[in-house]
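Chain by chain, the residues run as shown.
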Amino acid sequence: MTTDNYSLDNYVADLRAITAESSDEDEILSRVGPLAQRFVTDRSWLQPKHYETDQEQGFGVHLLHEEPDHSLAVLAINWLPGKGTPPHDHGTWAVVVGVEGTEHNIGYRRLDDGSKSDYAELEIKHEFDAAGGELVCMKTGGIHKVTNETDHMTLSVHTYGRHINYTSRSQFDLDTNRKQRFIVKVE
Ligand SMILES: [Fe+2]
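Cut-offs applied
The numbers attached to residues start from 1 for each chain and follow its sequence in the written order. Only residues with pLDDT of at least 70 are given local features in this predicted model, and only at 80 or more are side-chain atom pairs given and counted; all residues enter the totals for whole chains, interfaces and linings. Each pair of strands is called paired provided DSSP finds at least two bridges between the two strands. Secondary structure elements are defined from DSSP: runs of H or I of at least 4 residues count as helices, runs of E of at least 2 residues count as strands, and each element is numbered from the N terminus. With axes taken as lines fitted to C-alpha atoms, and helix axes fitted only over the stretch in contact, angles between N-to-C directions fall between 0 and 180 degrees. Around each residue's C-beta, the other C-beta atoms within 10 Å are counted; 20 or more make the residue buried, 12 or fewer make it exposed, and counts in between make it partly exposed. All C-beta atoms are placed from the backbone. Each residue is represented by a C-beta atom placed from its backbone, and any two residues with such atoms within 7 Å are regarded as in contact.

**Q** Just checking my understanding: could you explain the sheet that holds strand S6 (residues 135–138) for this structure?
**A** Two pairing modes exist for strands in a sheet, parallel and antiparallel, and in both the strands are linked by backbone hydrogen bonds. With antiparallel pairing, the five strands of this open sheet are ordered in space as S1-S2-S8-S3-S6. Of all strands in the sheet, those bounded by a partner on one side alone are strand S1 (59–66) and S6. Ignoring which end each strand starts from, the neighbouring axes of this sheet average 20 degrees apart. With four bridges joining them, strand S3 (residues 94–100) and S6 adopt antiparallel strand pairing. Paired with Val97 across the two strands is Leu135, which belongs to S6.

Set out below in structure tokens:
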């Protein structure tokens, strides 16, 4: 049996090359997606600490790689059963690949014109489950919500064009239409 050795270092080197060659997000997403799937097939990076979670936040965020200037970030994120995120954007492109379990995604479209800085009206665009090995790719401005509706912890690897705590990204309250900064606790 042959093993595909594709380490974190290999993945990061490819991410650097792709983003140096292109700033077109469609091209970046189409090239990074298959590499993210390849990266999670080789589980040499996966450690017990990646299953440690933040009870208060409902999910645990672990940094696998970040460039010194915060461009490019690779994070392992786990979700407790029944927990999830509010609707949010990323302020950059995002490639999410499932590692364990099935994460429920709801994608939203923006209905207002964006002229008010703390206000947004959203409607559901699509809803789907992403299982291990499956991709969720979003360009800058894409809005989604992730929940774990299973009985077990889920784990996925998230690759961003910039560390998400260093973009001006937002979370959205569907009841009040309030839009505010979204920062996550990272281990
Ligand atoms: Fe997200």
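That shown, we press on.
**Q** Would you explain the sheet that holds strand S5 (residues 122–130) in this entry?
**A** Reading across from one edge, S5-S4-S7 is the order of the three strands in this open sheet, with antiparallel pairing throughout. Each of the sheet's edge strands pairs with one partner strand only, and the pair in question is S5 and strand S7 (143–147). Neighbour-to-neighbour, the strand axes of this sheet turn through a mean angle of 25 degrees, independent of strand direction. One ladder, built from five bridges, connects strand S4 (residues 103–110) with S7; its direction is antiparallel. Counted as the bridge partner of Gly107 is His144 from S7.

**Q** Explain the environment of His163 to me, please; I cannot follow it from the model alone.
**A** Turning to its location among the elements, His163 is positioned in the loop between strand S8 (154–162) and strand S9 (170–172). Under the C-beta neighbour-count criterion, His163 is labelled buried, with 21 such atoms within 10 Å. Separated by 91 residues in sequence, His163 and Leu72 have C-alpha atoms that sit 6.2 Å apart. Other than its neighbours up to four places away in sequence, His163 contacts Glu66, His70 and Ala73.

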